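Given next are the chains, with one letter for each unit.
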Amino acid sequence: MKYLSLHSWEVDQKEAIEIQIKLRENISLRRTFGKIEKVAGADVSFLEKEAIAGVVVLKFPDLEIIERKFFICPVKFPYVPGLLTFREGPALLGAFEKIKNEPDVILFDGQGIAHPRRMGIATHLGLFLDRPTVGCAKSKLYGDYLAVGEEKGNYSLLREGKEVIGAVVRTKRGVNPIFVSPGNKIDLPTSIKVVLECATRYRLPEPTRQAHLFVSRLKEELAQIKS
């Protein structure tokens, strides 16, 4: 996959925030695609001072894995809540660059617009990749919501004041909900629908679950090589 070069990654925290604010003007929350035939999940793991990024592409709706790619590079940005993309973005773009089966929608283990500056990793990299993206986070970064019903498919809107920035979605009965927000080139109802259709037997939707398993296995293998 090709991607845009929107800015340098060699920035400090102040510059990173300024970039997020500027990029916010480019977000589109309108569905820009038709039939979904392929979906992808993306995740990152860390070993010492290296980021291990993985992208897994699956057929949709049967969720058969058709491609996996990874990229490993040094971590140059500290862990700062709200600035995750500056830590993980370079490695993820390296993995996406290797992908041959271009997905129609990409799910990220992180936030979309449910972010103080509406620039979670799904939104930020959605602008770089110029693709529909969805944030599927395991915990809340930002916003308020009411209790979520217990059945799969129940959800509560996530808001900042009167603005809806995502949804807290129950993907499986008896497990904690996940935090879904549109990244770029997709609306919230479609984001929720895609996540639920990708959530089969587990709490996490299959694309991000498989990406997590992929990078976890790579981390173990790399640790053995280094030991």
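Residues numbered from 1 in each chain as written. Predicted model: local features only at pLDDT ≥ 70, side-chain atom pairs only at ≥ 80, totals over all residues. Heavy atoms only, no water.

Enquirer: Got a minute to help me understand the overall build of the chain in this structure?
Expert: When helices and strands are tallied, the chain shows five helices and eight strands. Listing every helix and strand of the chain by position from the N terminus yields α-β-β-β-α-β-α-β-β-β-β-α-α. Computed over the C-alpha atoms, the radius of gyration of the chain is 16 Å, within 12% of the 17 Å expected from 2.2 N^0.38 for a compact globule of 227 residues. Counting only C-alpha atoms, the chain reaches 45 × 40 × 35 Å along its principal axes. (Helix = DSSP H or I, 4+ residues; strand = E, 2+ residues; numbered from the N terminus. Rg over C-alpha atoms; globule rule 2.2 N^0.38 Å.)

Enquirer: So what exactly am I meant to see when it comes to the pairing of strand S7 (residues 163–169) here?
Expert: Taken residue by residue, a regular strand's side chains alternate between the two faces of the sheet. In terms of residue burial, S7 counts as a mostly covered element, since five of its seven residues are buried. In this sheet, S7 lies alongside strand S6 (residues 155–160) in antiparallel orientation, the contact comprising six bridges. Across the sheet, Arg-159 pairs through a bridge with Val-164, a residue of S7. Between the end of S6 and the start of S7, which pair antiparallel, lie two residues, with Gly-161 showing a positive phi angle near 65°. Note: S7 against strand S8 (residues 178–184), three bridges, orientation antiparallel. Residue pairing in the sheet places Val-169 in a bridge with Ile-178 of S8. (Buried < 20%, exposed > 50% of the residue type's maximum accessible area, 1.4 Å probe, protein only. Pairing = 2+ DSSP bridges.)

Enquirer: Even after reading the chapter, I still don't get the pattern of salt bridges, so can you show me in this structure?
Expert: Pairs can form between side chains of opposite charge whenever their charged atoms are close. In total, this model carries 14 salt bridges according to the counting rule given. Between Lys-185 and Asp-130 there is a salt bridge; the shortest N-O distance is 2.8 Å. Taken together, the residues span a long stretch of sequence, with Lys-185 in the loop between S8 and helix H4 (188–198) and Asp-130 in the loop between helix H3 (121–129) and strand S5 (133–137) at a distance of 55 residues. Given the relative accessible area of 21%, Lys-185 is considered partly exposed. Taken together, the shared-partner salt bridges connect Glu-48, Glu-50 and Lys-226 into one network. (Salt bridge = Lys/Arg side-chain N within 4 Å of Asp/Glu carboxyl O.)

Enquirer: Where do I start with the packing of aromatic side chains in this structure?
Expert: Note on aromatic pairs: each is described by the distance of the centres and the angle between the planes. A complete count under the given rule lists six aromatic pairs for this structure. Aromatic side chains Trp-9 and Phe-86 sit 5.6 Å apart centroid to centroid with 70° between the ring planes, which places their arrangement in the edge-to-face category. You can see Trp-9 sitting in the segment before helix H1 (13–23) and its partner Phe-86 sitting in helix H2 (residues 84–96), a full 77 residues away along the chain. One exposure class covers both Trp-9 and Phe-86, and it is buried. Seen from their ring centres, Phe-96 and Phe-108 are 5.9 Å apart, and the 45° between their planes marks the pair as tilted. (Phe/Tyr/Trp six-rings, centres within 6.5 Å; stacked < 30°, edge-to-face > 60°.)

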